[in-house]
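Geometric and topological summary
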Amino acid sequence: MLVLVRRVDLADVIGAALVAKAAGSGARSIAVLLGRPVETVRGWLRRFEQQAEQVRVYFTVLLVDTGPDPIPPAASASRFADAVAAVIGAWKAAISRWADVGEVSPWQLASAASRGRLLSPT
């Protein structure tokens, strides 16, 4: 799945914003980097922050259930970064089991695994 529910931008674009935020970038610099309005980027970041703990739990479980020898990501400085790490970790676990999954990005996998609802309120 390439998109998220009620979002115009591709999952990969939104995922790039989430990774940048987890690395410490602010909404303005992310917006400039991606060529998107700052209000749009702030909306993505706020929604993900609101869902961060549920996203972290969901994708950590997916990682553990999928990986042949799973190693959940260590806790970081923020819930936001932990959730991003869990998404990427689940993608890596899926690749280790099914090589063809490597043909999709972590954010396409996250979109498919969440049925497009990665940034949805529930």
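Here's a quick rundown of the structure. Not measured: the values here are computed from a predicted model.

1. Observations concerning the side chain of Asp9
- Locating Asp9 in the fold gives a position in the segment before α1 (11-22).
- At 2.5 Å, the side chain of Asp9 forms a polar contact with the side chain of Arg36.

2. Focus on the nonpolar core
- In terms of nonpolar packing, the biggest core is built from 31 residues, with Leu18, Trp44, Phe48, Phe59, Trp107 and Leu118 touching the most fellow members.
- Mapped by element, the contributors of at least two residues to this core are α1, α2 (27-34), α3 (38-66), α4 (79-97) and α5 (106-113).
- It is α3 that contributes the most residues to this core, nine residues altogether.
- Excluding residues that lie within four positions of it along the chain, Leu118 makes contacts with Leu4, Phe48, Gln51, Val55, Phe59, Trp107 and Ala110.

3. Observations regarding the pattern of salt bridges
- A complete count under the given rule lists three salt bridges for this structure.
- Close ionic contact of Glu53 with Arg56 constitutes a salt bridge, the shortest N to O distance being 2.6 Å. Remark: Arg56 and Glu53 occur in helix α3; sequence separation between them is three residues, near one turn of the helix.
- Its relative accessible area of 31% is what places Glu53 among the partly exposed residues.
- When its relative accessible area of 26% is taken as the criterion, Arg56 is described as partly exposed.

4. With respect to the packing of aromatic side chains
- Going through the model one piece at a time under the given rule, you end up with two aromatic pairs.
- Summarising the aromatic geometry, the rings of Phe48 and Phe80 are spaced 4.9 Å apart at their centres and angled 65 degrees between planes, so their arrangement reads as edge-to-face. Placement of the pair is Phe48 in helix α3 and Phe80 in helix α4, with a sequence separation of 32 residues. Both residues of the pair, Phe48 and Phe80, belong to the buried class.
- Ring plane angle 80 degrees and centroid distance 5.0 Å describe the contact between Tyr58 and Phe59, whose orientation is recorded as edge-to-face.
- Among the residues examined, Phe59 registers a relative accessible area of 2% and is labelled buried.
- Here the basic side chain of Arg97 rests over the ring of Trp98, its NZ or CZ set 5.8 Å away from the ring centre.

5. Digging into unusual backbone geometry
- Positive phi values are uncommon outside glycine, yet Arg115 reaches one of about 55 degrees.
- Inspection of the secondary structure assignment puts Arg115 in the segment after α5.
- By relative accessible area, Arg115 is classed as exposed at 68%.

Cut-offs applied
- Residues numbered from 1 in each chain as written.
- Predicted model: local features only at pLDDT ≥ 70, side-chain atom pairs only at ≥ 80, totals over all residues.
- Heavy atoms only, no water.
- Helix = DSSP H or I, 4+ residues; strand = E, 2+ residues; numbered from the N terminus.
- Polar contact = N/O pair within 3.5 Å; in protein donor to acceptor, adjacent residues only side chain to side chain.
- Core = buried A, V, L, I, M, F, W, Y, C linked by side-chain atoms within 4.5 Å.
- Buried < 20%, exposed > 50% of the residue type's maximum accessible area, 1.4 Å probe, protein only.
- Contact = heavy atoms within 4.5 Å.
- Salt bridge = Lys/Arg side-chain N within 4 Å of Asp/Glu carboxyl O.
- Phe/Tyr/Trp six-rings, centres within 6.5 Å; stacked < 30°, edge-to-face > 60°.
- Lys NZ or Arg CZ within 6 Å of the ring centre and 35° of its normal.

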